[in-house]
Amino acid sequence: MHEQTFDEELLLWLGDEPPRVRAADAERIRDIAAEFARGFDALAGIGPAVTVFGSARTPPEHPDYVLTREVGACLGRAGYAVITGGGGGLMEAANRGARDVGALSIGCNIELPHEQRLNPYVDVGLRFRHFFARKVMFVRYASAFVICPGGIGTLDELFESLTLIQTHTIRHFPVILVGDGEWDGLLEWLRAHPLAEGRIDPGDMTIMHRVSAPSEVCAIVDAGHRRQREYGRHQRRRGGHARQP
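Let us look at the structure shown here. (Residues numbered from 1 in each chain as written. Predicted model: local features only at pLDDT ≥ 70, side-chain atom pairs only at ≥ 80, totals over all residues. Heavy atoms only, no water.)

Moving on, we get to the environment of Gly-45. Relative to the helices and strands, Gly-45 resides in the loop between α3 (28–43) and β1 (49–53). For Gly-45, a relative accessible area of 74% corresponds to the exposed category. For the pair Gly-45 and Tyr-141, spaced 96 residues apart in sequence, the C-alpha to C-alpha distance is 9.2 Å. (Helix = DSSP H or I, 4+ residues; strand = E, 2+ residues; numbered from the N terminus. Buried < 20%, exposed > 50% of the residue type's maximum accessible area, 1.4 Å probe, protein only.)

Among the nonpolar cores identified, the biggest contains 35 residues, and Leu-43, Ile-83, Cys-108, Ile-147, Val-175, Leu-177 and Met-208 are the most heavily contacted of them. Residue contacts for Ile-83: discarding those within four places in its chain leaves Ile-46, Ala-49, Val-50, Thr-51, Val-52, Ile-106, Cys-108, Phe-138 and Tyr-141. (Core = buried A, V, L, I, M, F, W, Y, C linked by side-chain atoms within 4.5 Å. Contact = heavy atoms within 4.5 Å.)

Using a probe with the size of a water molecule, rolled over the atoms, empty space left in the structure can be pinpointed. Considered as a void within the structure, the largest pocket measures approximately 510 Å³ in volume. Residue lining of the largest pocket: 21 residues in total, with Ala-56, Met-91, Gln-116, Gly-153 and Thr-154 positioned closest to the centre. Listing elements by their share of the lining of the largest pocket, those giving two or more residues are β1, α6 (131–140) and α7 (152–166). Looking at the lining of the largest pocket residue by residue, the class counts come to nine nonpolar, seven polar and five charged. Here the lining of the second largest pocket is built from residues that sort into seven nonpolar, five polar and three charged. (1 Å grid on protein atoms, 1.4 Å probe; cavity = no way out; pocket = protein on both sides within 12 Å on 5 of 7 lines; lining within 4 Å. Points joined across faces, edges and corners; volume = space filled by probe spheres on them. Nonpolar A, V, L, I, M, F, W, Y, C, P; charged D, E, K, R; others polar.)

What follows deals with the sheet that holds strand β6 (residues 175–178). The sheet built from seven strands is open, its strands ordered β4-β3-β2-β1-β5-β6-β7 with parallel pairing. Across the chains shown, the open sheet's two edge strands, defined by having one partner strand only, are β4 (124–128) and β7 (208–211). Across this sheet, the average inter-strand angle for adjacent strands is 25 degrees, counted without regard to direction. In terms of strand pairing, strand β5 (residues 145–147) meets β6 through three bridges, oriented parallel. Bridge pairing in β6 links Val-146 to Ile-176. Against the sheet, helix α4 (residues 63–77) touches β1, β2 (81–84), β5 and β6, its axis set at about 175 degrees to β1. (Pairing = 2+ DSSP bridges. Axes fitted to C-alpha atoms, helices over the stretch in contact; angles between N-to-C directions.)

Moving on, we get to empty space enclosed by the protein. Per the stated rule, a full pass over the model turns up one cavity of 30 Å³ or more. Considering only enclosed or pocket space, the largest cavity measures out at about 60 Å³ in volume. If you go around the largest cavity, the residues you meet are Phe-53, Lys-135, Phe-138, Val-139, Phe-145, Glu-157, Glu-160 and Ser-161. Those elements giving two or more residues to the lining of the largest cavity turn out to be α6 and α7. For the lining of the largest cavity, the per-class residue count stands at four nonpolar, one polar and three charged.

Here's what the structure looks like:
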């Protein structure tokens, strides 16, 4: 048996627990609010940033690690801080690439049954107990998502970002799929089933940008960031509450 994480205990089915156990959930609000506050306080002043997702299991000698490190460096040279989940593998590679060029490198780590330590290339490191608080940080302070090869966690982050864009919760927010041929099967399935059956719209497929070179990533991020700034200025002129890029 592994040690129970805070999130696991929070989401555990309560079954026939007495009302006093259920009532204790209200006390968790303080812990959750404090976690958000720590994240907001640490990241509020970072400037333009990009969140990079990818596998924690990819070793440094793998071509995907080399590519992701180059992506982090390209983003850093373009003036963006790089945000990752703070772990090893491709998260480490992106943070390392940012560190290589002197850009700000940020890791938002998570409490897991098998502890995931912050990689050594993080300048600002945060540790979260709640996945949902951590996910807010990935979106709130980023101008784009870069999705590198990964597993279930990476796919979760990909589809959550697509949902936020599809529902107009975030706007002009590029989602960039990195890796030559990596995403062909997934995109083919989306076209052959959800799109063909009318469960998604044709425009939903255009949200994702496939690239194979780090320079392509930076060009898309820059274009999206300009659109975000223009949208923000337009909303402020109208007296709206635009998301700050």
